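Here is what each chain is made of, one letter per residue.
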Amino acid sequence: MSQDSRYRNPRPELVDSFDDFLVNTALPYDDIQLPPELQPLNPEYEDEVPNQEAVNGIARATRPKEPAWRDLNLQDLVNRTDHGNTQAMDVGERLRQLNLENRSSGPPTNALRLMSMVKLNVAVAQSCAQQGDLDKTLAKLESLVQQAASQEAKFIVFPEAFVGGYPKFSTFGTEIGVRSAEGREEFFKYHQAAIVVPSSATDRISRVAKENDVSLVVGVIERDDLGATLYCTALYFDARAGYVAKHRKLMPTGAERLIWGFGDSTTIKAQNISITSTTGELSEAVCSATICWEN
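The structure contained in this document is the topic of the report that follows. Since we're looking at a predicted model, the values are computed, not measured.

Another point: the side chain of Thr 233. As for its placement among the helices and strands, Thr 233 is situated in strand E8 (residues 230-238). For Thr 233, a relative accessible area of 1% gives the class buried. Side chain to side chain, Thr 233 and Glu 222 meet in a polar contact 2.9 Å long.

Below, the discussion takes up the pairing of strand E10 (residues 271-276). Within E10, 5 of the 6 residues are buried, leaving the element largely enclosed by the surrounding structure. Across 6 bridges, the pairing between E10 and strand E11 (residues 282-287) is antiparallel. From the neighbouring strand, Thr 276 faces E11, where its bridge partner is Leu 282. Turn length for the E10-E11 hairpin, with the two strands adjacent in sequence and antiparallel, is 5 residues, and the turn residue Gly 280 shows positive phi of about 90°.

This brings us to the nonpolar core. Membership of the largest hydrophobic core comes to 23 residues, with the highest contact counts inside it found for Leu 141, Val 145, Ile 156, Phe 158, Leu 216 and Val 218. For this core, the secondary structure elements donating two or more residues are helix H6 (134-150), helix H8 (200-211), strand E7 (215-223) and E8. What Leu 216 contacts, discounting residues up to four positions off in sequence, is Val 145, Ile 156, Phe 158, Ile 205, Ala 209, Leu 235, Tyr 236 and Phe 237. Grouped together as the second largest cluster of nonpolar side chains are 19 residues, Phe 172, Cys 232, Tyr 236 and Ile 259 included.

So, on to the packing of H6 against H8. One can describe the packing of H6 onto H8 by two numbers: an axis separation of 10 Å at closest approach and a directional angle of 15°. With respect to H8, the axis of H6 lies roughly parallel. Handedness of the crossing formed by H6 with H8: right-handed. Residue-level contacts link Leu 134, Asp 135, Leu 138, Ala 139, Leu 141, Glu 142 and Val 145 of H6 to Ala 201, Arg 204, Ile 205, Arg 207, Val 208 and Glu 211 of H8. Across the contact of H6 with H8, the residue classes break down as 8 nonpolar, no polar and 5 charged.

Here we come to the sheet that holds E7. Taken in spatial order, the 5 strands line up as E3-E4-E7-E8-E9 in an open sheet, and their pairing is mixed. With one partner strand each, in any of the chains shown, strand E3 (122-124) and strand E9 (242-248) form the two edges of the open sheet. Across the sheet, the mean angle separating the axes of adjacent strands is 25° when strand polarity is ignored. Relative to strand E4 (residues 155-157), E3 runs parallel, the two being bridged by 3 bridges. The partner of Val 124 across the bridge, within E4, is Val 157.

Before going further, it helps to examine the pairing of E8. Consecutive residues of a regular strand have side chains that alternate between opposite faces of the sheet. By the criterion of burial, E8 is predominantly enclosed, with 9 of the 9 residues buried. Neither face of E8 is open: one carries Leu 230, Cys 232, Ala 234, Tyr 236 and Asp 238, the other Tyr 231, Thr 233, Leu 235 and Phe 237, and all of them are buried. Sheet topology note: the E7/E8 ladder contains 8 bridges and is antiparallel. Counterpart to Val 220 in the pairing with E8 is Thr 233. Between E7 and E8, which pair antiparallel in sequence order, lie 6 residues; one of them, Gly 227, sits at a positive phi of approximately 75°. Counted between consecutive antiparallel strands, the loop separating E8 from E9 contains 3 residues.

So, how was this worked out
Residues numbered from 1 in each chain as written. Predicted model: local features only at pLDDT ≥ 70, side-chain atom pairs only at ≥ 80, totals over all residues. Heavy atoms only, no water. Helix = DSSP H or I, 4+ residues; strand = E, 2+ residues; numbered from the N terminus. Buried < 20%, exposed > 50% of the residue type's maximum accessible area, 1.4 Å probe, protein only. Polar contact = N/O pair within 3.5 Å; in protein donor to acceptor, adjacent residues only side chain to side chain. Pairing = 2+ DSSP bridges. Core = buried A, V, L, I, M, F, W, Y, C linked by side-chain atoms within 4.5 Å. Contact = heavy atoms within 4.5 Å. Axes fitted to C-alpha atoms, helices over the stretch in contact; angles between N-to-C directions. Parallel < 35°, antiparallel > 145°, perpendicular 65-115°, else oblique. Left-handed = near helix turned anticlockwise from the far one by under 90°. Nonpolar A, V, L, I, M, F, W, Y, C, P; charged D, E, K, R; others polar.

By themselves, these figures tell us nothing about what the structure is for.
Written out as structure tokens, the structure reads:
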């Protein structure tokens, strides 16, 4: 029995035979084959390591998918017979019930989204600000809203920088490394024409939206709370709640960066806006805004 033997056996005379068995009869490593389920997670060769992204892609591709359409039994609702009498069912009411059921059980199916759509009259105001005169600009906005509302518009979109103005062709006296005194004065006036959000100006627009039962998206030049930086901003106004949110242009285009600051991710969220359909039904729409060159 060898002194360095690792095996302890109550019959020492068998130990040498056991050592001979291990040395002389062991299979070479190359001849040892393991079934895939017993192979180690990290193969010896890097090329044999499965690509995790590929594995995830295969898993997604083989995952059962929700059907794009399902039978809502609307035909049965229309032609259902109770006690021998055919009754015309309110399909719209059934769709509303299905919407409520889906909201409690998860996101609606594609079919339900399509079938629960409502018609909406939308207006676009193609007009511009009264440069340097906030009161006249807001009066113009109110007049345009009233005009569109009289034609049953329920959602109205105003242009970029409608309040405050878009200073096209203005240089504000700037050249690289220098700005003229006249340019400084021009920018001061432009800066003063911008509005703080929220403020009495947004309160006035909120009142216009509520009085005319319309929701609005209005482009403004916003001055921050510190009274320093200007932003090109889109404001959301709800027909019921008034001002609800804003979106600041993320990246001003070209020379716009001389006068406007950069927006950030805190104002890019879509908003829920109250709308009234052409049939007079109050509903809710998801609304988002992108400003020139953001799309």
